[in-house]
Amino acid sequence: MAGFGPKLPLRKDQREGFALTSTLRENVKQSFKMLLLTNPGERMMLPNYGVGLRTYLFEQYGESTESEIAASIEEQLDLYLPYLKVESLTFPKDKTLLGDDNTLQMRIKYSVPVLGVSDQLDLSLEGYNF
């Protein structure tokens, strides 16, 4: 096997059986994305795991929401992905980028100092796309 873990969503692969993440960078990005999108209580045996970004879609949105999201991300990273460091977290302010009121977009630049790797994760969550 030439991979680190299953690539999500799961897909069949002729060579490996299921498609696998092929680099540490790809594996870290996938783990980070899973942490952000998982709702607390959703993962078995780890009831506190997850930021639950989708829960913010229908909340009253403001700067306090952004601060709450940032704090939740930092707290979860400290617990579950301590090797990952957020360099910057931004939310688009332009309403034309946001679409309707039930869309959450964010860009997270992060690094893994131990590996000397930097990357970014762009997320766009829509209220009707669960």
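Figured I'd write up the structure that's included with this text. (Residues numbered from 1 in each chain as written. Predicted model: local features only at pLDDT ≥ 70, side-chain atom pairs only at ≥ 80, totals over all residues. Heavy atoms only, no water.)

### Notes on the pairing of strand S7 (residues 117–126)
- Sheet topology note: the strand S6 (residues 103–112)/S7 ladder contains 10 bridges and is antiparallel. Within S7, the residue paired with Leu 104 across the bridge is Leu 125.
- Hairpin connection, S6 to S7: the antiparallel pair is bridged by four residues, and Gly 116 has positive phi, about 70°. (Pairing = 2+ DSSP bridges. Helix = DSSP H or I, 4+ residues; strand = E, 2+ residues; numbered from the N terminus.)

### Remarks on the environment of Gly 52
- Here Gly 52 lies in the loop between helix H1 (24–37) and helix H2 (63–80).
- The buried category is assigned to Gly 52, whose relative accessible area is 0%.
- If we skip the residues at most four places from it in the chain, Gly 52 touches Leu 35, Leu 36, Thr 38, Asn 39 and Pro 40. (Buried < 20%, exposed > 50% of the residue type's maximum accessible area, 1.4 Å probe, protein only. Contact = heavy atoms within 4.5 Å.)

### What about H2?
- For H2, built from 18 residues, the straight-helix expectation of 26 Å at 1.5 Å per residue is met to within 8% by its first-to-last C-alpha distance of 26 Å.
- Of all the positions in H2, only Thr 65, Glu 66, Ile 69, Ser 72, Ile 73, Gln 76 and Leu 77 are classed as buried. Seen along its axis, H2 keeps its buried residues to an arc of 130°; they face one direction. Of the residues in H2, the exposed ones pointing more than 90 degrees away from the buried face are Glu 63, Ser 64, Asp 78 and Leu 79. (Expected span 1.5 Å × (residues − 1). Arc of directions from axis to C-beta.)

### Things to note about unusual backbone geometry
- A positive phi angle, close to 70°, is found at Met 45, a residue other than glycine.
- Relative to the assigned elements, Met 45 resides in the loop between H1 and H2.

### Let's talk about empty space enclosed by the protein
- Going through the model one piece at a time under the given rule, you end up with one cavity of 30 Å³ or more.
- Considering only enclosed or pocket space, the largest cavity measures out at about 30 Å³ in volume.
- In this structure, the largest cavity is lined by Leu 24, Arg 25, Val 28, Lys 29, Tyr 110, Val 112, Leu 115 and Val 117.
- Looking at the lining of the largest cavity, the elements with two or more residues in it are H1 and S6.
- Top contributing element to the lining of the largest cavity by residue count: H1, with four residues.
- The residue inventory of the lining of the largest cavity, partitioned by class, reads six nonpolar, no polar and two charged. (1 Å grid on protein atoms, 1.4 Å probe; cavity = no way out; pocket = protein on both sides within 12 Å on 5 of 7 lines; lining within 4 Å. Points joined across faces, edges and corners; volume = space filled by probe spheres on them. Nonpolar A, V, L, I, M, F, W, Y, C, P; charged D, E, K, R; others polar.)

### Quick look at a nonpolar patch on the surface
- On the surface, a nonpolar cluster with roughly 400 Å² of combined accessible area is contributed by Phe 4, Leu 24, Val 114 and Leu 115.
- For Leu 115, the location among the structural elements is in the loop between S6 and S7.
- Accessibility expressed as a relative area gives 42% for Leu 115, which makes it partly exposed. (Patch = residues over 30% accessible without salt bridge, like charges linked within 9 Å, V, L, I, M, F, W, Y side chains within 5 Å. Areas by Shrake-Rupley, 256 points an atom, 1.4 Å probe, with all protein chains shown as cover. Salt bridge = Lys/Arg side-chain N within 4 Å of Asp/Glu carboxyl O.)

### A short note on the pattern of salt bridges
- One pass over the full model with this rule turns up three salt bridges.
- The partner of Lys 29 in a salt bridge is Asp 119, with the nearest N and O atoms 3.7 Å apart. With Lys 29 in helix H1 and Asp 119 in strand S7, the pair connects residues that are 90 residues apart, well separated along the chain.
- According to the relative accessible area criterion, Lys 29 is partly exposed, its value standing at 29%.

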